[in-house]
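Architecture and fold: a report
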Amino acid sequence: MKICLDSGHGGGDSGAVGFNLKESDSALKIAIEVKNILKNHGVDVLLTRSDDIFIPLYERAYMSNKANCDYFISIHHNSAANPNARGYETWVYSERKSTQDFVNKIHSEIVGSKLFSIDRGIKNAPFTVLTKTEAPAILLELGFINNKDDNALITSKWKSMASVIANAILKFLNIPNAIPEQKERANEIPPSNYAITACKKAVSCGLFADINNDGSLDRPKDYLKREELAVILDRLGYLDKRYD
């Protein structure tokens, strides 16, 4: 079994840039880590690039085809004009039916890891590396590099991203002894800079839980449930006032 790992961009093409982080550098770092994990489990891996060089898109597909790779995965980070855009998405060329099972299972495993807070779904596009590669091919967009929260995740949790991708591949290939899924505890992702002080105050006055007893807000990126809102309003005394 041979997997082709493609790191997006490279050389004079940095790809997207956010907060001084280049997509090309991060994608390469993640791809190399994924390769190391897969090779430790007996999977043959071809990297389209192992250094900061640019390789034309057609050549990337040709490399995979020439090596008779069984699957092709291109690693990228997203970017958008809206700095609030964030989350994970997978791209595939839907006209190739042989890819459907592959993309569905890889996407499901990555989303199920809870590493990314938003699932942007599986999307279709005739990207060159998806249409010219003979093996089933997918493209991963691992967060928005120009979004402050996603950028912090990319910078601090790139090894976790690599582990999640590698584990998804191993599970798809039914290879035993796959590495455990590295599910991120929500409170390991710090709150945004503008919210740090408010979060600490909310914990210190008892509005939110602090399971680890370290003064930090648990699950700062989670959505607020209605039952949690009810508890907060009760702790603030608003519910008592309502029934006076």
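The structure under discussion appears in the preceding block.
As the structure is a prediction and not an experimental result, all values here were calculated from the model.

Next up on the list: the state of the cysteines. Following the criterion strictly, the structure yields zero disulfides and no others. The thiol sulfur of Cys4 is not disulfide-bonded, and the nearest other cysteine sulfur, from Cys69, lies at 4.7 Å.

Attention now moves to the packing of aromatic side chains. Tallying each qualifying case throughout the model produces five aromatic pairs. Judged by centre distance (4.6 Å) and plane angle (40°), the ring pair of Tyr71 and Phe102 falls under tilted. Separated by 31 residues along the polypeptide, Tyr71 in strand E5 (residues 71-78) and Phe102 in helix H3 (residues 100-112) bring together distant segments of the chain. Of the two residues, Tyr71 and Phe102, neither departs from the other in class, the shared state being buried. Taking the centre distance of 5.2 Å and the plane angle of 45° together, the rings of Trp91 and Phe127 count as tilted. You can see Trp91 sitting in strand E6 (residues 88-92) and its partner Phe127 sitting in the loop between strand E7 (119-124) and helix H4 (128-131), a full 36 residues away along the chain. Judged by relative accessible area, Trp91 falls into the buried class, the value being 16%. Taken together through their ring pairs, the aromatic side chains of Tyr71, Phe102 and Phe172 make up a single cluster.

Looking now at the nonpolar core. Counting 41 residues, the largest nonpolar core has Ile30, Val34, Ile106, Ile110, Leu140, Leu142 and Ile169 as its most contacted members. The element contributing the most residues to this core is helix H6 (residues 158-172), with 10 residues. Contact partners of Ile110, with chain neighbours within four places excluded, come to Tyr88, Phe116, Leu140, Val164, Ile165 and Ala168. Cys69, Phe72, Ala125 and Ala137 belong to the second-largest nonpolar core, a separate cluster that totals nine residues.

The subject of this paragraph is the sheet that holds E7. With mixed pairing, six strands are arranged side by side in an open sheet as E4-E1-E5-E8-E6-E7. Only two strands of the sheet have a single partner each, and these edge strands are strand E4 (44-47) and E7. Each strand axis lies, on average, 20° off the axis of its neighbour in the sheet, ignoring direction. Two strands pair when backbone bridges link them, and strand E1 (residues 2-7) and E5 are joined in this way by five bridges, in the parallel orientation. Looking at the pairing, Cys4 lines up with Phe72 of E5.

Quick look at helix H7 (residues 196-204) now. Since one α-helical turn is 3.6 residues long, residues separated by three or four positions face the same way. Of the positions making up H7, those classed as buried are Cys199, Ala202 and Val203. When H7 is viewed along its axis, its buried side chains cluster within an angular range of 95° and face the same direction. For H7, the exposed residues set more than 90 degrees away from the buried face come down to Thr197, Lys200, Lys201 and Ser204.

Turning to the pattern of salt bridges, a few remarks are in order. Using the criterion set out here, one finds eight salt bridges in the structure. Two residues, Arg86 and Asp149, come together in a salt bridge whose shortest N-O distance is 3.6 Å. Here Arg86 is found in the loop between E5 and E6, whereas its partner Asp149 is found in helix H5 (residues 148-156), with 63 residues between them in sequence. Looking at Arg86, the relative accessible area reads 16%, which means it is buried.

Cut-off values and rules
Residues numbered from 1 in each chain as written. Predicted model: local features only at pLDDT ≥ 70, side-chain atom pairs only at ≥ 80, totals over all residues. Heavy atoms only, no water. Disulfide = S-S within 2.5 Å. Phe/Tyr/Trp six-rings, centres within 6.5 Å; stacked < 30°, edge-to-face > 60°. Helix = DSSP H or I, 4+ residues; strand = E, 2+ residues; numbered from the N terminus. Buried < 20%, exposed > 50% of the residue type's maximum accessible area, 1.4 Å probe, protein only. Core = buried A, V, L, I, M, F, W, Y, C linked by side-chain atoms within 4.5 Å. Contact = heavy atoms within 4.5 Å. Pairing = 2+ DSSP bridges. Axes fitted to C-alpha atoms, helices over the stretch in contact; angles between N-to-C directions. Arc of directions from axis to C-beta. Salt bridge = Lys/Arg side-chain N within 4 Å of Asp/Glu carboxyl O.

These figures capture arrangement, not role.
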